[in-house]
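Below are the chains, spelled out letter by letter.
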Amino acid sequence: MPEISFFRGIKVYVYYKDHARPHIHVKYAGKWVLVRIEDGYVIAGGIHPLALSIVREWARYRHDELLAAWDAAAADRDPPWVSPLPQRKTRGQHGRHRR
């Protein structure tokens, strides 16, 4: 099962032969969850709720890339790497500091 992304301790894999609808396999803290790409529905398993919400946000943001990875795997090609979410700016990164 090829790994297609890694961020914040979350590993994401794509394997198309076990279910009909496009989905991702996610491993976090030793636990697994299968998440449908189209709507973030949990097919099976479970991970920490905060990690799941991050995965769902990432999947919405990278929807088209995830479908491309799924299509590549279904065509027996190596799926492309899918980038993590962009880093959010913190107060110190805005260039202004409050005193």
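Coordinates for the structure precede this section.
What counts, and at which threshold
- Residues numbered from 1 in each chain as written.
- Predicted model: local features only at pLDDT ≥ 70, side-chain atom pairs only at ≥ 80, totals over all residues.
- Heavy atoms only, no water.
- Helix = DSSP H or I, 4+ residues; strand = E, 2+ residues; numbered from the N terminus.
- Buried < 20%, exposed > 50% of the residue type's maximum accessible area, 1.4 Å probe, protein only.
- Areas by Shrake-Rupley, 256 points an atom, 1.4 Å probe, with all protein chains shown as cover.
- Core = buried A, V, L, I, M, F, W, Y, C linked by side-chain atoms within 4.5 Å.
- Contact = heavy atoms within 4.5 Å.
- Pairing = 2+ DSSP bridges.
- Axes fitted to C-alpha atoms, helices over the stretch in contact; angles between N-to-C directions.
- Patch = residues over 30% accessible without salt bridge, like charges linked within 9 Å, V, L, I, M, F, W, Y side chains within 5 Å.
- Salt bridge = Lys/Arg side-chain N within 4 Å of Asp/Glu carboxyl O.

Enquirer: Which parts of the structure should I look at to understand the overall build of the chain?
Expert: Along the backbone of the chain there are 2 helices and 5 strands. Tracing the chain from N to C terminus, the helices and strands come up as β-β-β-β-β-α-α. Split into buried and exposed, the 99 residues of the chain put 33% on the buried side. Summed over its atoms, the accessible surface of the chain is roughly 6600 Å², and 49% of this surface lies on carbon and sulfur atoms.

Enquirer: What is the right way to look at the nonpolar core in this model?
Expert: One recurring pattern in soluble globular proteins: nonpolar side chains tend to sit buried together. Among the nonpolar cores identified, the biggest contains 23 residues, and Ile4, Ile10, Val12, Ile24, Val26, Trp58 and Leu66 are the most heavily contacted of them. Every element with two or more residues in this core is listed here: β1 (3-7), β2 (10-13), β3 (23-28), β4 (31-36), α1 (49-61) and α2 (63-74). In terms of residue count, the dominant contributor to this core is α1 (6 residues). In contact with Ile10, not counting residues within four places along its chain, are Ser5, Val26, Lys27, Tyr28, Ala51, Ile54 and Val55.

Enquirer: Where do I start with the sheet that holds β1 in this structure?
Expert: Sheet strands pair via backbone hydrogen bonds, and the direction of the pair is either parallel or antiparallel. If you walk across this open sheet you meet the 5 strands as β1-β2-β3-β4-β5, and the pairing is antiparallel. Strands at the two margins of the open sheet, each flanked by one partner only, are β1 and β5 (42-45). Taken over all neighbouring pairs, the strand axes of this sheet differ in orientation by 20° on average, direction set aside. One ladder, built from 3 bridges, connects β4 with β5; its direction is antiparallel. Considered in β5, the bridge of Val35 is made with Val42.

Enquirer: Mind showing me how you'd approach a nonpolar patch on the surface here?
Expert: Residues Met1, Tyr15 and Trp32 make up a contiguous nonpolar surface patch of about 300 Å² in total accessible area. Tracing the backbone shows Trp32 in strand β4. For Trp32, a relative accessible area of 34% gives the class partly exposed.

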